[in-house]
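Residue-level listing of the chains:
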Amino acid sequence: MKKIFYSIITLGILAMACNKKVLPVITERKTDPPSPQKTILNITPDLARGKMIFTNRCGRCHDLPKPEQYTSERWKGILSYMNPRAGLNEEQGVHITAYLQANAAK
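In what follows, the accompanying structure is described. This structure is a prediction, so every number in the text was calculated from the model and none was measured.

1. Digging into the side chain of His95
Link 1 in the chain: For His95, the location among the structural elements is in helix 4 (residues 90-102).
Link 2 in the chain: In contact with His95, other than residues within four places in its own chain, are Ile43, Thr44, Pro45, Asp46, Arg49, Gly50 and Ile53.

Next up, the structure:
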């Protein structure tokens, strides 16, 4: 009888442990979530440095496209995706962006 009792208790505990936990739903906010603060860097873009970073960092993983292959708008989209993937910091991103935008297709 004790074995059956302990088996039922064990199964009950296992069933309760396997249930999906329910989280409360927030229906309204009292305050807005804090916005991430972006630091503003005062960096003078250097085209020669941008070309060097572009050649060395971007050329590691794939063949480099020519800067005039894309428009400056298209480069913005490409760089917003590729800069984090390449592990570039904001300063390097400023230099690469300046180099590519200066040499982009018109």
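2. Describing the packing of aromatic side chains
Link 1 in the chain: If you walk through the whole model with that rule in mind, you get four aromatic pairs.
Link 2 in the chain: On the numbers, 5.8 Å between centres and 65° between planes, the contact of Phe5 with Tyr6 is edge-to-face. Accessibility classification places Phe5 together with Tyr6 in one group, the exposed group.
Link 3 in the chain: For the pair Phe54 and Tyr99, a centre-to-centre distance of 5.9 Å together with 45° between the ring planes defines the contact as tilted. On the criterion of sequence distance, the pair formed by Phe54 in helix 2 (residues 47-58) and Tyr99 in helix 4 is long-range, its members being 45 residues apart.
Link 4 in the chain: Given a relative accessible area of 6%, Phe54 falls into the buried group.
Link 5 in the chain: Over the ring of Tyr70 we find Arg74; its NZ or CZ atom is 5.8 Å from the centre of that ring.

3. Thoughts on helix 4
Link 1 in the chain: An ideal rise of 1.5 Å per residue puts 18 Å on 13 residues; helix 4 measures up with 18 Å between its terminal C-alpha atoms.
Link 2 in the chain: Residues of helix 4 that are buried: Gln92, Gly93, His95, Ile96, Ala98, Tyr99 and Leu100.
Link 3 in the chain: Contact partners of the buried residues in helix 4: helix 2 and helix 3 (72-86).
Link 4 in the chain: The residue sitting at the N-terminus of helix 4 and contributing the capping side-chain oxygen is Asn89; that oxygen lies 3.1 Å from the backbone nitrogen of Glu91.

4. Details of the state of the cysteines
Link 1 in the chain: Under the counting rule described, the total for this entry stands at zero disulfides.
Link 2 in the chain: Of the cysteine sulfurs around Cys58, a residue in no disulfide, the closest is that of Cys61, at 8.5 Å.

5. Regarding the environment of Leu100
Link 1 in the chain: Assignment of secondary structure puts Leu100 in helix 4.
Link 2 in the chain: Note on Leu100: relative accessible area 0%, which makes it buried.
Link 3 in the chain: Once the C-alpha coordinates of Leu100 and Leu47 are considered, the two residues, 53 residues apart in sequence, prove to be 8.4 Å apart.

6. Remarks on helix 3
Since the α-helix packs 3.6 residues into each turn, any two residues three or four apart lie on the same face.
Link 1 in the chain: With 15 residues, helix 3 should cover 21 Å at 1.5 Å per step; its first-to-last C-alpha distance of 19 Å lies within 8% of that length.
Link 2 in the chain: All buried positions along helix 3 are accounted for by Trp75, Ile78, Leu79 and Asn83.
Link 3 in the chain: Looking at the buried side of helix 3, the elements it contacts are helix 2 and helix 4.
Link 4 in the chain: Directly beyond the C-terminal end of helix 3, a positive phi value near 75° is found at Gly87.

7. Details of the nonpolar core
Link 1 in the chain: Ile53, Phe54, Cys58, Trp75, Ile78, Leu79, Leu88, Ile96, Tyr99, Leu100 and Ala104 form the largest nonpolar core, which has eleven residues in total.
Link 2 in the chain: Going through the elements one at a time, helix 2, helix 3 and helix 4 are the ones with two or more residues in this core.

What counts, and where the lines are drawn
- Residues numbered from 1 in each chain as written.
- Predicted model: local features only at pLDDT ≥ 70, side-chain atom pairs only at ≥ 80, totals over all residues.
- Heavy atoms only, no water.
- Helix = DSSP H or I, 4+ residues; strand = E, 2+ residues; numbered from the N terminus.
- Contact = heavy atoms within 4.5 Å.
- Phe/Tyr/Trp six-rings, centres within 6.5 Å; stacked < 30°, edge-to-face > 60°.
- Buried < 20%, exposed > 50% of the residue type's maximum accessible area, 1.4 Å probe, protein only.
- Lys NZ or Arg CZ within 6 Å of the ring centre and 35° of its normal.
- Expected span 1.5 Å × (residues − 1).
- Polar contact = N/O pair within 3.5 Å; in protein donor to acceptor, adjacent residues only side chain to side chain.
- Disulfide = S-S within 2.5 Å.
- Core = buried A, V, L, I, M, F, W, Y, C linked by side-chain atoms within 4.5 Å.

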